[in-house]
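An overview of the molecular structure
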Amino acid sequence: MGEPNLKDQNRATGEEPAEHYAGEHTRLLALQAAEQRRERVLGYSKLVIAILTLIAAVLFHRNPVVLASLLVPAAAFIVLAVLQEKLLAAIRYRTRAIAFHERGLARLNDRWTGTGETGERFLDPAHPYARDLDLFGSASLFEYLSSARTRAGEETLAQWLLTAALPDEIVARQDAVRELEARVRFRERLFSAGETVRLGVHPDAISAWGEAKPVFKGRGVRIVVSVLAALWILSVVGWAVWDLPLVTLLMTVLNFAYSHQIHARLEKAAGSLENAAKDLQLLAEVLALIEREQVSSTRLAGIQLALQHHGSTPSAAIGKLARIVELLESRHSLFARPLDLVTFWSAQLTFVAERWQQEFGPAIRGWMQAVGEFEALTSLSAFAYEHPLYAFPTFVDEGPLFAAEGLAHPLLPAGKAIDNDLKLSDEMQLVILSGPNMAGKSTFIRSIGVNAVLAQCGDPVRARCLCMSPLQVAASICVLDSLAGGVSRFYAEIHRLKLIFDLTQGLVPVLFLLDELLSGTNSHDRLIGTQFVLREFVEHRAIGVVSTHDLALTQIPAMLGARAANYHFEDRIEDNRLIFDYKLRPGIVQTSNALKLMHAIGLGVMAQ
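Residues numbered from 1 in each chain as written. Predicted model: local features only at pLDDT ≥ 70, side-chain atom pairs only at ≥ 80, totals over all residues. Heavy atoms only, no water.

1. Things to note about helix α9 (residues 203-211)
Let me state the cut-off plainly: Here the term buried applies to any residue with accessible area under 20% of the maximum for its type, exposed to any over 50%, and partly exposed to those in between, with areas from a 1.4 Å probe on protein chains only. Put simply, DSSP marks the helices as runs of H or I at least four residues long and the strands as runs of E at least two long, and each gets a number from the N terminus on. By definition, the arc is the one covered by directions from the helix axis to the C-beta atoms. In what follows, residue pairs with any heavy atoms lying within 4.5 Å of each other are defined as contacts.
Burial in α9 covers these residues: Ile-206, Ser-207, Trp-209 and Gly-210. All buried residues of α9 fall inside an arc of 160 degrees around its axis, so they share one side. Buried residues along α9 sit against α11 (245-292), α13 (314-329), α15 (345-360) and α16 (364-386).

2. Section: the sheet that holds strand β8 (residues 543-548)
Threshold: Here, strands pair whenever DSSP counts at least two bridges between them. To obtain an axis, a line is fitted to C-alpha atoms, over the contacting stretch when the element is a helix, and the angle between two such axes runs from 0 to 180 degrees between their N-to-C directions.
On the basis of which strands lie adjacent, the open sheet formed by six strands has the order β6-β7-β8-β4-β9-β12 and mixed pairing. Looking along the sheet, the strands with just one partner apiece sit at the ends: β6 (472-476) and β12 (585-586). Strand direction decides the pairing type here: strand β7 (residues 510-515) and β8, joined by five bridges, are parallel. Residue pairing across strands places Phe-512 opposite Gly-544, the latter belonging to β8. Against the sheet, helix α17 (residues 441-457) makes contact with β4 (430-434), β6, β7 and β8, and its axis sits at roughly 155 degrees relative to β7, the strand it touches most. Along the sheet, helix α19 (residues 523-539) contacts β4, β7 and β8; its crossing angle with β7, the most-contacted strand, is approximately 165 degrees.

3. Comments concerning the sheet that holds strand β5 (residues 465-468)
Strand order across the open sheet formed by four strands is β1-β5-β2-β3, with mixed pairing between neighbours. The sheet terminates laterally at β1 (394-395) and β3 (420-425), the two strands that pair on one side only. One ladder, built from four bridges, connects strand β2 (residues 401-407) with β5; its direction is antiparallel. What sits directly across from Glu-405, in β5, is Cys-465.

4. Focus: the environment of Ala-97
Mapping Ala-97 onto the fold places it in helix α4 (residues 71-108). Sequence separation between Ala-97 and Arg-185 is 88 residues; the distance between their C-alpha atoms is 9.5 Å. The residues touching Ala-97, leaving out its near neighbours within four places in the chain, are Leu-28, Glu-188 and Ser-192.

5. Here we look at a negative patch on the surface
How we decide: The patches described consist of residues with a relative accessible area above 30% and no salt bridge, like charges being joined within 9 Å and nonpolar side chains (Val, Leu, Ile, Met, Phe, Trp, Tyr) within 5 Å. The Shrake-Rupley method, run with a 1.4 Å probe sphere, supplies the accessible areas, and residue values consider only the shown protein chains as cover. What counts as a salt bridge is simple: a side-chain nitrogen of Lys or Arg found within 4 Å of a carboxyl oxygen of Asp or Glu. Under this rule, positive means Lys or Arg and negative means Asp or Glu; His and the chain ends count for nothing. Taken as the charge centre is NZ of Lys, CZ of Arg, CG of Asp or CD of Glu, depending on the residue.
Residues Asp-168, Asp-397, Glu-398, Asp-426 and Glu-427 make up a contiguous surface patch of negative charge. By the secondary structure assignment, Asp-397 is in the loop between β1 and β2. Judged by its relative accessible area of 72%, Asp-397 is exposed.

6. Observations concerning the state of the cysteines
Quick reminder of the rule: Throughout, disulfides are identified as pairs of cysteine sulfur atoms within 2.5 Å of each other.
On inspection of all chains with the given rule, the structure shows zero disulfides. Take Cys-457: it sits in no disulfide, and the sulfur closest to it among the cysteines is that of Cys-467, at 18 Å. The class of Cys-467 is partly exposed, set by a relative accessible area of 23%.

7. A short note on a nonpolar patch on the surface
Judged by side-chain polarity, Tyr-44, Leu-47, Val-48, Ile-51, Leu-52, Ile-55, Leu-59 and Phe-60 come together as a nonpolar surface patch covering roughly 820 Å² of accessible area. Looking at the element boundaries, Val-48 is found in helix α2 (residues 17-59). Residue Val-48 is classed as partly exposed on the basis of its relative accessible area, which comes to 46%.

Take a look at the structure:
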């Protein structure tokens, strides 16, 4: 049943996410241990009953009364077996629920790396920012966010991270995320049921089956089997009333012959129906959860409405198919098979199931997409729930604009992340970011990009506030050379710059994030090339940050006037140790630590 309003009690009582996860984890472990003990007791009881029954059967095999009485322990064995199977199903389900809360605790305690799906299959090296911002792979944003258990859920979340949504869509997702934020119990159920779908459902195959043509396309076979079945029944009546066995024999032979003729097609159709029904029954559990959830946001209500087909919910429709297929599977019975050969009842059931396929089959792919979208939204809502201080960004139509206060990287632990403010707009479009090694330049520009991606897929960001216009994120941070492809790092980088330049020709302003731009060439060419590239970007209304160790590049803001500025990170020495505070400051860096770091690891170089 649905839970009214479904706002979990932990938020109502002020319970923190970590406390809630830990409390539920402890409770579920206690229940699991108790039910595992009960399951073992049932198992041992079955074993004892089976042994005693077999012994009694051997000792009293000539005593009919005793043998008849053994039906009682046999019945008890069956009852215990049913109870044990129910317990095992509950234990398997609870194992998944425990894993759900363990993963929540792992994220909050910074132990999440390696616990989830990495999403590496979604990584496209040519994408403008996916590799540079570590969206996919080990310790990636996708691994941190995704609680999806179906391929459709993972694909939807990945697509949202790779493609910025339009402002209206972002607002709709934000509303949905806010509504789902505190519904931990719903997310737990969806996670647990989704694991069943992940293990047992073949989404591409089931969608293709739904869209395929039925095996029995025409009406001819349907008419023939109906007529033959009716004639055989009439012949049996004639045998009983007028003593005409020959007619019945002839009809039996005729029906046997026609059954043989359509056998291959019938088995093909019935077999595909049985396989499809198994997958769909697993999917129905997830669909039922989504159907019953009481929602009010436009996006969630729209998903539920889209699931309905001719006024029927998917889980109800799948239930009808399951009942048909359950009857169809009995055709394999030794008792039912002979009757089927003359009455064609399995063929009639197959026709009914194929009508279901024609009516509901084309909707299966949409059902999978709806499950995927709900799972993607629950992934975003878990992030919002676990970080109540993160802000939902606001969007403006006029841009370019990226104005953040208290911005930090969302994947850094709370004790290590240092927040900074940044504003980029049509008035100040470019920041040249200088600073020594390990001072936080690369992390800062990744923070900008990752939060912009989160904002434009509908999630909160790690900032006190963020106001931005729609932006096309593009980055050159993790440019790799290719030995096999004969591509140098510099050549790969200028190709990336060309990609970003092409993006600046579009309608959406670009937010560019460049780390150590053109470091693969000499200082003279680097300065001229960087100046040219950045001037082109700025002229096309792009905004962004460029980090550098080369102080020659800090001359560029003077060339661009008020549209550019220098900022820096710095270090200091305390007790012969390098200290970084990771705070963004205006101006050009005045310190360098490369020689100090070389000396610190024993290379013997002394700073001049």
